[in-house]
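Commentary on secondary and tertiary structure
Residues per chain, in single letters:
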Amino acid sequence: MTCVFTFITAAVIAEICSSLPLAGSIYLWAAEAGGPRFGRFFGFIVAWWSTTAWTTFCASNTQGAVNYLLAEIVVFDVDYPSDSDHIKYRAVQWAVTEFMLAVACIVNLLPPKFFRWIFYASSSMVVLDFILNMIWLPIGVAQTYGFRTAHEAFMTTYNGTGAPAGWNWCLSYLATAGILIGFDASGHVAEETKNASVNAAKGIFWSTVVSGIGGFIVVIMFLFCVVSDANADVLE
């Protein structure tokens, strides 16, 4: 369901980008849609929302990466606090997050000629991570606690939030939609793109499709690989 609605959204935005392949993308498109009367207001609202969103994305993404990094404390049984309520853990989490956030910001100060190689490097790491997860995780599961059954994977739910079932479903929908963001990036650099009315629009739509297919595959794998109540005692 997430993929279907996001693909529709991406197709609409791609069509708009094809008509107005200009830098600024979404806030400029909103201004044009608002017409002479409401154009400035719509453009301001979308620009304010976009600026705030991307600012928080940078902070949340870096902290998310650090959380995964510090999770290795438990995996490798390191003698260091791993409880998020512990002051030492929080201090390290904050310091490493600030460092990674600074690196993410400083990258934007590099000469534009380096951006291509930064893109290649980051994309390569994402693809490598995807491939390793698809290979190593199933092997590890098969050699330890075993896969879940199809019934457990598709017909059972786990509510670890303590929230009502309906709200928990909404959170699950939001979690899967989290990977399908940023597809408007092609529109941001449309003025620097050759044949932008075609290539920028194609970048918006097909990047969403590729992310959706890859994300769907990973979700299915996780559904079968996550620890179930029946085999949880194997890890104890």
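See the structure shown above.
Here we summarise the structure given alongside this text.

How each quantity is defined
- Residues numbered from 1 in each chain as written.
- Predicted model: local features only at pLDDT ≥ 70, side-chain atom pairs only at ≥ 80, totals over all residues.
- Heavy atoms only, no water.
- Helix = DSSP H or I, 4+ residues; strand = E, 2+ residues; numbered from the N terminus.
- Buried < 20%, exposed > 50% of the residue type's maximum accessible area, 1.4 Å probe, protein only.
- Contact = heavy atoms within 4.5 Å.
- Areas by Shrake-Rupley, 256 points an atom, 1.4 Å probe, with all protein chains shown as cover.
- Lys, Arg positive; Asp, Glu negative; His and termini not counted.
- Charge placed at Lys NZ, Arg CZ, Asp CG, Glu CD.
- Phe/Tyr/Trp six-rings, centres within 6.5 Å; stacked < 30°, edge-to-face > 60°.
- Expected span 1.5 Å × (residues − 1).
- Arc of directions from axis to C-beta.
- Patch = residues over 30% accessible without salt bridge, like charges linked within 9 Å, V, L, I, M, F, W, Y side chains within 5 Å.
- Salt bridge = Lys/Arg side-chain N within 4 Å of Asp/Glu carboxyl O.
- 1 Å grid on protein atoms, 1.4 Å probe; cavity = no way out; pocket = protein on both sides within 12 Å on 5 of 7 lines; lining within 4 Å.
- Points joined across faces, edges and corners; volume = space filled by probe spheres on them.
- Nonpolar A, V, L, I, M, F, W, Y, C, P; charged D, E, K, R; others polar.

Each helix and strand counted, the chain has 9 helices and 0 strands in total. Helices and strands in the chain line up, N terminus first, as α-α-α-α-α-α-α-α-α. In terms of overall dimensions, the chain has C-alpha extents of about 65 × 40 × 35 Å along its principal axes. Taking all 236 residues of the chain together, 22% fall into the buried category. Considering only contacts within the chain whose residues lie at least 6 apart along the sequence, 67% involve residues at least 24 apart. Carbon together with sulfur atoms contributes 70% to the accessible area of the chain, which is approximately 16500 Å² in total. Computed over 9 positive and 16 negative side-chain charges, the inter-centroid distance for the chain is 17 Å.

Take the packing of aromatic side chains next. Throughout the structure, instances matching the rule amount to 6 aromatic pairs. Pairing phenylalanine 38 with phenylalanine 42 gives two aromatic rings, centres 5.9 Å apart and planes at 15 degrees, and the pair type is stacked. Of the two residues, phenylalanine 38 and phenylalanine 42 both sit in helix α2 (residues 26-70), 4 residues apart, roughly one turn of that helix. Phenylalanine 38 sits in the partly exposed class, given a relative accessible area of 37%. Judged by its relative accessible area of 34%, phenylalanine 42 falls in the partly exposed class. Where phenylalanine 119 meets tyrosine 120, the ring centres are 6.2 Å apart and the plane angle is 55 degrees; that geometry is what we call tilted. Grouping aromatic residues by their ring pairs yields a cluster made of Phe38, Phe41 and Phe42.

As a further point, take the environment of valine 103. Counting through the fold element by element, valine 103 comes out in helix α4 (residues 87-106). Residue classification places valine 103 among the partly exposed residues on the basis of a relative accessible area of 40%.

Turning our eyes to something else, we now look at helix α1 (residues 2-19). Helix length check: α1, at 18 residues, gives a terminal C-alpha distance of 26 Å against a target of 26 Å (1.5 Å per residue), a fit within 8%. Along α1, the residues that are buried comprise Thr2, Thr6, Ala10, Ile13, Ala14 and Cys17. With its buried residues spanning 110 degrees around the axis, α1 presents them on a single face. Among the exposed residues of α1, those pointing more than 90 degrees away from its buried face are Glu15 and Ser19. Tucked into the core, α1 has its buried residues touching α2, α7 (165-177), α8 (185-188) and α9 (196-225).

This brings us to a nonpolar patch on the surface. A grouping of Val127, Phe130, Ile131, Ile135, Trp136, Ile139, Ile213, Phe216 and Ile217 is seen on the molecular surface, where their side chains present a nonpolar patch of about 860 Å² in accessible area. No other element matches helix α5 (residues 115-143), which puts 6 residues into the nonpolar patch. Its location among the elements puts valine 127 in helix α5. On the accessibility criterion, valine 127 (47% relative accessible area) is partly exposed.

Take the layout of surface pockets next. There is about 460 Å³ of room inside the second largest pocket. In this structure, the second largest pocket is lined by 23 residues; those nearest its centre are Thr9, Ile13, Trp49, Phe183 and Asp184. For the lining of the second largest pocket, the secondary-structure elements that each account for two or more residues are α1, α2 and α7. Counted by class, the lining of the second largest pocket contains 17 nonpolar, 5 polar and 1 charged residues.

Let us now look at unusual backbone geometry. A positive phi angle, close to 55 degrees, is found at aspartate 77, a residue other than glycine. Notably, asparagine 195 is not glycine yet its phi reads approximately 50 degrees, a positive angle. Mapped onto the fold, asparagine 195 is located in the loop between α8 and α9.

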